[in-house]
Amino acid sequence: KDRALNKDTCEKFGVRVVSDATGKIIKHLYPYYDRNGVHISNKIRDVDTKSFESQPRGSLSKAGLFGENLFNGGGKYITVCEGELDALSAYEMMGSKWPVVSIRNGASAALKDCKAQYEWIDSFENVVICFDVENGIIWNDKMDDAACS
């Protein structure tokens, strides 16, 4: 129930939580899969500090986008978000019907992540890029690079 996300959404994406002795959620675990659908890594986020552990468990180097393993390539729309929680929220906002994924390492890695998954992303008719607005900047060079590549 953390962040008011539906339990079904978290289960679909394989997101797990770690709770303390009182039942308070203290960590989120976001699973990442390779192109063959094999679970190869987890990113672990501390809920209080909103920061990720410096190194994910396992290697992200061969991982696809967060959630990519859940959706076949092709189709009318794909939404690419900046973060895992953004992807879960966007999936729910769109009625849990349309594919939504997240890049692996934030806006600074958007171009690299999108290029690595270009063929899969390009199989959709429309690509919606949904990145955070930070410091009042709505569109920055990193987003432009990801959108235009």
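The preceding data block contains the structure.
Conventions we followed
Residues numbered from 1 in each chain as written. Predicted model: local features only at pLDDT ≥ 70, side-chain atom pairs only at ≥ 80, totals over all residues. Heavy atoms only, no water. Phe/Tyr/Trp six-rings, centres within 6.5 Å; stacked < 30°, edge-to-face > 60°. Helix = DSSP H or I, 4+ residues; strand = E, 2+ residues; numbered from the N terminus. Buried < 20%, exposed > 50% of the residue type's maximum accessible area, 1.4 Å probe, protein only. Pairing = 2+ DSSP bridges. Axes fitted to C-alpha atoms, helices over the stretch in contact; angles between N-to-C directions. Contact = heavy atoms within 4.5 Å.

Peer 1: When you look at the packing of aromatic side chains in this model, what are you seeing that I'm missing?
Peer 2: Aromatic ring pairs are reported here in terms of the distance separating the ring centres and the angle at which the planes meet. Under the criterion given, the structure shown has nine aromatic pairs. On the numbers, 5.7 Å between centres and 50° between planes, the contact of Y32 with F66 is tilted. Pair noted here: Y32 is in strand β2 (residues 25-33) and F66 is in the loop between β4 (57-58) and β5 (75-81), with a separation of 34 residues, a long-range link. For the pair formed by Y32 and F66, the shared burial category is buried. Between the aromatic rings of W120 and F124, the centroid separation amounts to 5.1 Å while the plane-to-plane angle is 75°, which identifies the pairing as edge-to-face. A relative accessible area of 14% means that W120 is categorised as buried.

Peer 1: Which parts of the structure should I look at to understand the sheet that holds strand β7 (residues 124-130)?
Peer 2: Consider a sheet: its strands pair through backbone hydrogen bonds, and that pairing is either parallel or antiparallel. Ordered in space as β6-β5-β7, the three strands form an open sheet in which the pairing is parallel. Taken across any chain shown, the strands that pair with only one partner, and hence form the sheet edges, are β6 (100-102) and β7. Pairs of neighbouring strands in the sheet enclose a mean axial angle of 25°, with direction left out of account. Pairing analysis gives six bridges linking β5 to β7, with the strands arranged parallel. Looking at the pairing, Y77 lines up with N126 of β7. Helix α2 (residues 84-93) contacts β5 and β6 of the sheet and is inclined by roughly 170° relative to β6.

Peer 1: What exactly am I supposed to notice about the sheet that holds β4 here?
Peer 2: Taken in spatial order, the four strands line up as β1-β2-β3-β4 in an open sheet, and their pairing is antiparallel. Each of the sheet's edge strands pairs with one partner strand only, and the pair in question is β1 (16-19) and β4. In the sheet, β2 pairs with strand β3 (residues 39-46) via seven bridges, with the strands oriented antiparallel. Bridging from a neighbouring strand, Y32 pairs with S41 of β3.

Peer 1: Looking at this structure, how should I read α2?
Peer 2: Owing to its 3.6 residues per turn, the α-helix aligns residues three or four sequence positions apart on the same side. Among the residues of α2, E84, L85, A87, L88, A90 and Y91 are the ones counted as buried. Of the surrounding secondary structure, the elements contacted by the buried residues of α2 are α1 (7-13), β2, β3, β5 and β6.

Peer 1: Would you mind showing me how to read the pairing of β2 here?
Peer 2: Every other side chain in a regular strand lies on the same face of the sheet, so the side chains alternate between the two faces. As judged from the four bridges shared by β1 and β2, these two strands associate in the antiparallel manner. Counted as the bridge partner of R16 is L29 from β2. Connecting β2 to the antiparallel partner β3 that follows it, the hairpin turn spans five residues, and G37 within it adopts a positive phi of roughly 80°.

Peer 1: Would you mind going over unusual backbone geometry with me for this structure?
Peer 2: Among all residues except glycine, the phi angle is most often negative; among peptide bonds, the trans geometry is most common. Here the phi dihedral of K50 falls at roughly 60°; this positive angle occurs in a residue that is not glycine. Looking at the element boundaries, K50 is found in the loop between β3 and β4. One non-glycine residue, S96, lies in positive phi territory at about 55°. Residue position: S96 is located in the loop between α2 and β6. The partly exposed category is assigned to S96, whose relative accessible area is 34%.

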